[in-house]
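So you can see what is in the structure, the chains are spelled out below.
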Amino acid sequence: MKIRVSKLFCLVCCLCFAAIFLNGCKNKDASPIKEIKKPNVVFILADDLGVNDLSYTGSQYYETPNIDRIANDGVEFTQGYAACQVCSPSRASIMIGQFPARHGITDWIGAASGEQWAKRNNSKILPAAYKNALPEEDVTLAEAFKAGGYKTFFAGKWHLGDNPSNPENNGFDINKGGWEVGSPKGGYYAPWDNPKLDYKYKGENLTMRLAQETVDFITENKDQPFFAYLSFYAVHGPIETTQEKWSKYRNKAEAQGIPDSGFEMERVLPIRVVQDNPVYAGLVESMDDAIGLVLSKLKELNLDKNTIVVFTSDNGGVASGDAFSTSNLPLRGGKGYQWEGGIREPYFIKVPSMKNAPKKIDYPVSGIDFYPTLLDLAGVESKPIQKIDGVSLVPLLKGESLKNRPLFWHYPHYGNQGGEPSSIIRKENWKLIHYYEDGRDELYNLVNDPSEQQDVSEDNPEIAKALRSELDAFLAETNAKIPEKNPAFDEVLAKKQYENRKTKMLPSLEKQRKDFLDKDFQPNADWWNSKVTQD
């Protein structure tokens with residue numbers, strides 16, 4: 001706790017000294033300058049939402065008019081990435097502006113590693129150890145905003161450690177619902193289990209409640225600059241929705257035509273290849289409804305003209321593993337995977353003051369870039385203790401250019417969804433994936449092959465060698481943890497396990513898919529408590 005107070009105190013002192021110095025240098029005879037109100041910032045983070053899970057980005061099934069409005073009114077970064085293919089590392093990278101290999105949170109907090117992993121899993125390697133909390137000495141995005149005179153607010157999923165690594169000790173004045181758990185414990189309809197956010201009545205919708213808490217904060221702080229971080233649990237599993245929304249999307253799937261099969265085998269697990277899950281679609285729409293509540297309140301209070309709004313997600317859509325909810329096609333893979341479907345995200349920034357900003361920007365960007373970009377846009381001078389890997393995207397928003405740079409991913413773990421332990425470098429049009437199970441590399445040209453179907457490493461050995469060398473140098477510089485071989489790995493058992501997934505799991509998933517689309521589907525009597533109302 002001492003470190004937290006010390007670093008924030010130092011940051012505030014530096015900013016105050018700068019302000020006093022500049023004020024003392026003013027011409028005494030100069031006319032008083034009218035103070036310009038700092039822009040507010042509303043950062044909206046979805047959980048497990050794929051880049052193609054929006055009507056704006058091409059989905060013909062999901063309906064997201066409010067998220068689409070952010071994109072239409074702002075700037076779309078068409079090559080936006082999460083910093084990792086799973087949640088906690090990506091969230092940490094947004095908070096402190098670093099690649100996961102540097103801050104050390106390389107897996108979702110709570111995942112097993114090393115020998116603990118091997119006790120329940122038959123795998124070729126032992127996943128590397130990882131940190132399970134934000135570094136106490138680092139200055140978070142919220143702490144920087146707070147030191148810059150902003151009122152700060154957090155609502156929803158945190159999953160970056162327990163006390164002292166909680167929102168309250170990381171710069172947020174108010175925390176509604178953020179704790180160490182990464183999924184909505186108890187579900188999306190009350191009664192839920194969250195020590196940081198009690199429900200008001202049975203059947204209350206958690207997603208809408210988080211939006212309402214955000215609206216209340218905005219209303220109470222409309223006359224001062226604020227930084228509101230709305231981090232939905234949606235659309236993480238367990239996927240749940242109301243009967244009305246299920247019925248809407250069940251009928252829509254039928255009208256569009258329901259394919260006989262909706263899954264194929266990937267390298268490890270079956271993967272969904274169609275978007276026709278009416279339960280997931282209803283959950284997506286519920287989140288969009290909640291976002292609409294926030295956007296409407298900004299407009300009602302006439303704050304929309306001075307509020308920066310960001311929308312993104314922490315990793316790809318869940319196409320494999322967990323709830324097998326969606327498809328990220330034409331991108332390959334999904335949450336947990338090393339391919340584009342696991343790391344590409346919606347990445348929208350609306351800056352009302354930038355009237356002539358481009359509508360679309362193709363420059364590859366990452367979650368690490370939000371830290372310097374938002375502070376730059378808000379005019380908040382910050383001198384963080386930690387090294388910032390991200391860059392300010394303000395020049396791009398102004399129509400200018402930035403020099404090319406590499407982006408890195410380091411995930412020395414097995415995803416629950418079928419992803420493989422790997423490290424990645426993306427530079428210009430090229431993407432190299434290094435696999436830890438057998439040491440092989442894959443090389444893709446993302447312009448010619450965005451679906452990553454053709455490994456061209458043998459055709460481009462010099463490019464592959466150069467990228468691998470740059471990746472290795474980065475991993476060494478960040479002291480990245482590397483997984484070790486598992487001496488107890490059983491190759492024969494592994495083949496049997498794969499056949500079991502192919503012959504038993506795949507048909508079971510197809511049956512569940514058809515059950516969800518059956519006109520008589522009913523999960524339970526009250527539809528996950530959504531029919532329970534206050535007496």
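Structure's up top.
Let me sum up the structure you'll find in this document. Throughout this document, residue positions are counted from 1 along each chain, in the order its sequence is written. This being a predicted model, a pLDDT of at least 70 is required before a residue's local features are given, and a value of 80 or more before pairs of side-chain atoms are given or counted; all residues contribute to the totals for chains, interfaces and linings. Side-chain numbers here rest on the full set of heavy atoms in the structure, without hydrogens or water.

**What about the packing of helix H2 (residues 65-73) against helix H9 (residues 278-300)?**
- The axes are straight lines fitted to the C-alpha atoms, using for helices just the contacting stretch, and the angles between their N-to-C directions are given from 0 to 180°. For the purposes of this entry, the term helix denotes a DSSP run of H or I that reaches at least four residues, the term strand denotes a run of E that reaches at least two, and both are numbered from the N terminus. Contact geometry of H2 with H9 gives a least axis separation of 7 Å together with a crossing angle of 55°. By the angle class used here, H2 and H9 are oblique. Judged by residue contacts, Pro65, Asn66, Ile67, Arg69 and Ile70 of H2 engage Met287, Asp288, Asp289, Ile291, Gly292 and Leu295 from H9. Working rule for angles: under 35 degrees goes down as roughly parallel, over 145 as roughly antiparallel, 65 to 115 as roughly perpendicular, anything else as oblique. Any pair of residues with heavy atoms lying within 4.5 Å of one another is described as a contacting pair.

**Some words on the packing of aromatic side chains**
- In this scheme Phe, Tyr and Trp rings, the latter by its six-membered ring, pair at centre separations within 6.5 Å, and the angle between planes marks the pair as stacked below 30 degrees, edge-to-face above 60, and tilted otherwise. In total, this model carries 33 aromatic pairs according to the counting rule given.
- Both rings, one in Phe172 and one in Phe227, keep their centres 6.2 Å apart while their planes meet at 20°; by these two values the pair is stacked. Remark: Phe227 occurs in strand S7 (residues 226-231) and Phe172 occurs in the loop between strand S5 (151-156) and strand S6 (174-176); sequence separation between them is 55 residues.
- One aromatic cluster in this structure is built from Phe43, Phe77, Phe145, Tyr150, Phe154, Trp158, Phe172, Phe227, Tyr229, Tyr347 and Phe370.

**Focus: the sheet that holds strand S14 (residues 407-411)**
- Pairing in this open sheet of four strands is antiparallel, and the strands run S14-S15-S16-S17 from one edge to the other. The strands lining the two open edges of the sheet, one partner per strand, are S14 and strand S17 (441-445). If you compare each strand with its neighbour and ignore which way they point, the axes differ by 10° on average.
- If DSSP finds at least two bridges between two strands, the strands pair. As defined by bridge partners, strand S16 (residues 430-435) adjoins S17 across five bridges and the pair is classed as antiparallel. Among the inter-strand pairings, Lys431 is bridged to a residue of S17, identified as Tyr444.

**Details of H9**
- To estimate the expected span of a helix, subtract one from its residue number and multiply by 1.5 Å. Between its terminal C-alpha atoms H9 stretches 32 Å, which fits the 33 Å expected from 23 residues at 1.5 Å a residue.
- Residue exposure (1.4 Å probe, protein chains only): buried if accessible area is under 20% of the type maximum, exposed if over 50%, otherwise partly exposed. Counted residue by residue, H9 has 18 buried out of 23 residues, so it is predominantly covered.
- Phi for Asn302, located one or two positions after H9, is positive at around 60°.

**Examining the layout of surface pockets**
- With a 1 Å grid spanning the protein atoms alone, the term cavity applies to any set of points in which a 1.4 Å probe fits but cannot get out, the term pocket to an open set with protein on both sides within 12 Å along at least five of seven lines, and the term lining residue to any residue with an atom within 4 Å of a point. Grid points are joined across faces, edges and corners, and a volume is the space filled by probe spheres set on the points. Approximately 760 Å³ is the volume attributed to the largest pocket.
- What lines the largest pocket is a set of 28 residues, and nearest its centre among them are Asn122, Val268, Tyr414, Glu437 and Arg501.
- Ranked by the residues each element gives to the lining of the largest pocket, the list is headed by helix H14 (residues 491-516), at seven residues.
- Within the lining of the largest pocket, the residues separate by chemical class into nine nonpolar, 10 polar and nine charged. Residue classes follow a fixed rule: Ala, Val, Leu, Ile, Met, Phe, Trp, Tyr, Cys and Pro count as nonpolar, while Asp, Glu, Lys and Arg count as charged, and any other residue, Gly among them, counts as polar.

**Some thoughts on helix H3 (residues 87-96)**
- Counting buried positions over the 10 residues of H3 gives 10, a clear majority of the element.
- Along H3, the positions that sit buried rather than exposed are Cys87, Ser88, Pro89, Ser90, Arg91, Ala92, Ser93, Ile94, Met95 and Ile96.
- Turning to H3, the residues buried within the fold contact strand S1 (40-46), helix H4 (100-103), helix H6 (141-147), S7 and helix H11 (370-378).
- Two residues or fewer after H3 comes Gly97, characterised by a positive phi angle close to 75°.

**Observations concerning the pairing of S16**
- The buried fraction of S16 is high, at six of six residues.
- Neither face of S16 is left uncovered, since the one carrying Trp430, Leu432 and His434 and the one carrying Lys431, Ile433 and Tyr435 both have all their residues buried.
- Where strand S15 (residues 422-427) and S16 come together, six bridges link them in antiparallel fashion. Each residue of the ladder has a partner; that of Lys427, found in S16, is Trp430.
- Hairpin connection between S15 and S16: a loop of two residues separates the two successive antiparallel strands, and Glu428 in this loop has a positive phi of roughly 55°.

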